[in-house]
Amino acid sequence: MGKKRVTYIIIIYSLCGLLWFGCSEHSGRFTVKGIVTGVDNQMVYLENVGLGSVETIDSTKLNGSGEFTFKVKRSQYPDFYRLRMKNQFINFAVDSTETISFIADYKTFATSYQVEGSESCSRIKEITLAQLDANQAINRIRKDYESNLISDSLYRAQTLEAIENYKDVARNYIYGKPMSTESYFALFQQIDGLLFFDPYDRGDSRAYGAVATSYNHLYPESPRAKHLYNLTLQALKVLRSQRPVDWNNIETKEIDFFDVELPDIRGEKIKLSEVAKNKIVVVNFMACQTEWAQELNALLQRVDSAYRDKGVEIYQISLDSDVHLWKNTVSNLRWTCVRDPQTVYSQVAAMYNVKQLPALFLLNRQGMLVKRIENLDRLMQDIALVL
């Protein structure tokens, strides 16, 4: 009887150990599976969308039935992923979910898919569709403007309306459930490389504060939580430092260009009018987050090398939302680099009637705005003519 009892205890403990091991192994991984119709032998990729990069973590070829399965090691904190087929993407997030299933047709892979196993992923789909709607609307508005079908004021009003339509959808998730992956996802969606929600805008800063506070409370050691919290604190510091302006006490004088005073990477405010004294100045609005930024800076390097000794200066205004990326990009550039914390809502860009990036202007030695650069290939010749 004693022997049997010991044997039973050993068996029970062994089974418990196996069950624990199985549960432990299961909880350490998640499964992404699905079916894609309308295509044969196509590759599907699973990618991790990190803070500053996208990494392919697995890939497989669809089988004869269009099925695919990925089993992936779970991150310590909620994380973001996407399924990619050629240039189409399905964005999703993984928190405590064990299995996420997708059903899609290849032709409408990124927009008309079905997702099961995660309510957060269903909401991310809704946010993605709202972001795509905004992008399509703004592209349509831009084409109308470039074809002279609408005025400057109507172009700006319709663009802001399209942006606001996205933000209305996003706010439902951000304020309804700020600790969720969908709220974080909604906060960081972009248009033309710039964020819909500007952390330096007083209204939008509330959205950043809601998500940052929740993430910092739930995941204080998460790199995403730390990045978001630091970004929010930095933006709040800038907003609190701003004071109402008493326009009655400001000295007025006639100028030939709109003056600009913005901080450089050390936080020191640099005036365009100071840089422009007895100089020819290339004023450049740009964003380091764009794919063309490196090529543009290479062109400006050639301008700087050829004309700096002849009295030509560059005053580059960044509209980047990611201040760290901007600082890293411009830290080794010789010319004046400043950044507008209002980013896509820049009043400075509006004064210069900047509708798309990059935008370049030329000031002569008398401080007069003499040319808007329409063709970057002619930038060197345009400067030579002003010289």
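This section reports on the structure supplied with the text. Here the structure is a predicted model, which is why all the values come from computation and not from measurement. (Residues numbered from 1 in each chain as written. Predicted model: local features only at pLDDT ≥ 70, side-chain atom pairs only at ≥ 80, totals over all residues. Heavy atoms only, no water.)

### Topic: the overall build of the protein chain
- A count of helical and extended segments in the protein chain gives eleven helices and 17 strands.
- In the protein chain, of all internal contacts separated by at least 6 residues, the share reaching a separation of at least 24 is 61%. (Helix = DSSP H or I, 4+ residues; strand = E, 2+ residues; numbered from the N terminus. Contact = heavy atoms within 4.5 Å.)

### Description of the nonpolar core
- One finds Tyr-166, Ile-174, Leu-187, Phe-188, Phe-197, Tyr-208 and Leu-228 to be the most contacted residues of the largest nonpolar core, which totals 32 residues.
- For this core, the secondary-structure elements that each account for two or more residues are helix H2 (119-146), helix H3 (152-176), helix H4 (181-187), helix H5 (202-218) and helix H6 (223-241).
- With sequence-adjacent residues up to four places away left out, Phe-197 is seen in contact with Tyr-166, Lys-167, Ala-170, Arg-171, Ile-174, Ala-186, Leu-187, Asp-204, Ala-207 and Tyr-208.
- Counting residues in hydrophobic clusters, the runner-up holds 24 residues, among them Leu-62, Phe-70, Tyr-81 and Ala-104. (Core = buried A, V, L, I, M, F, W, Y, C linked by side-chain atoms within 4.5 Å. Buried < 20%, exposed > 50% of the residue type's maximum accessible area, 1.4 Å probe, protein only.)

### Quick notes on H3
- Taking 1.5 Å per residue, 25 residues should reach 36 Å; H3 reaches 36 Å between its end C-alpha atoms and fits that length.
- Along H3, the largest kink reaches about 30 degrees and is centred on Ala-170.
- Buried within H3 we find Tyr-155, Thr-159, Ala-162, Ile-163, Tyr-166, Lys-167, Ala-170, Tyr-173 and Ile-174.
- Along its buried surface, H3 packs onto H2, H4 and H5. (Expected span 1.5 Å × (residues − 1). Bend = angle between axes of the 7 residues up to and from the residue.)

### A closer look at helix H8 (residues 293-307)
- Its 15 residues give H8 an end-to-end C-alpha distance of 21 Å, which sits within 8% of 21 Å, the value for a rise of 1.5 Å per residue.
- Inspection of H8 places Ala-293, Leu-296, Asn-297, Leu-299, Leu-300, Val-303, Asp-304 and Tyr-307 among the buried residues, and these make up the whole buried set. An end-on view of H8 places all buried positions within 155 degrees of arc, on one side of the element. Across from the buried face of H8, at angles greater than 90 degrees, the exposed residues are Gln-294, Glu-295 and Ser-305.
- On its buried side, H8 packs onto strand E13 (280-286), strand E14 (312-318), helix H9 (323-330), strand E16 (359-363) and helix H11 (379-386). (Arc of directions from axis to C-beta.)

### Side note on the sheet that holds strand E17 (residues 369-373)
- Spatially, five strands are ordered E15-E14-E13-E16-E17 in an open sheet, and the strand pairing comes out mixed. Of all the strands in the sheet, the pair left with one neighbour each is strand E15 (336-339) and E17. The mean inter-strand angle of the sheet, taken between neighbouring strand axes irrespective of direction, is 20 degrees.
- As paired strands, E14 and E15 are joined by four bridges and run parallel to one another. Directly across from Gln-316, in E15, lies its bridge partner Cys-337.
- The strands touched by H8 are E13, E14 and E16; relative to E14, the strand with the most contacts, the crossing angle is about 160 degrees. (Pairing = 2+ DSSP bridges. Axes fitted to C-alpha atoms, helices over the stretch in contact; angles between N-to-C directions.)

### Re the packing of aromatic side chains
- Enumeration over the complete set of coordinates arrives at 15 aromatic pairs.
- Measuring from centroid to centroid gives 5.4 Å for Tyr-215 and Tyr-219, while their planes differ by 65 degrees, and the two rings are edge-to-face.
- Residue class for Tyr-215 comes out buried when judged on its relative accessible area of 1%.
- Members of the aromatic cluster, joined through ring pairs, are Phe-80, Tyr-184, Phe-185, Phe-188, Tyr-208, Tyr-215 and Tyr-219.
- One residue, Arg-84, lies across the ring of Tyr-45, its end atom 4.3 Å from the ring centre. (Phe/Tyr/Trp six-rings, centres within 6.5 Å; stacked < 30°, edge-to-face > 60°. Lys NZ or Arg CZ within 6 Å of the ring centre and 35° of its normal.)

### A word on unusual backbone geometry
- Cis geometry is adopted by the peptide bond preceding Pro-358, which originates at Leu-357 and carries an omega value of -5 degrees.
- Unlike most non-glycine residues, Asn-148 shows phi in positive territory, near 60 degrees.
- Residue position: Asn-148 is located in the loop between H2 and H3.
- Given the relative accessible area of 70%, Asn-148 is considered exposed.

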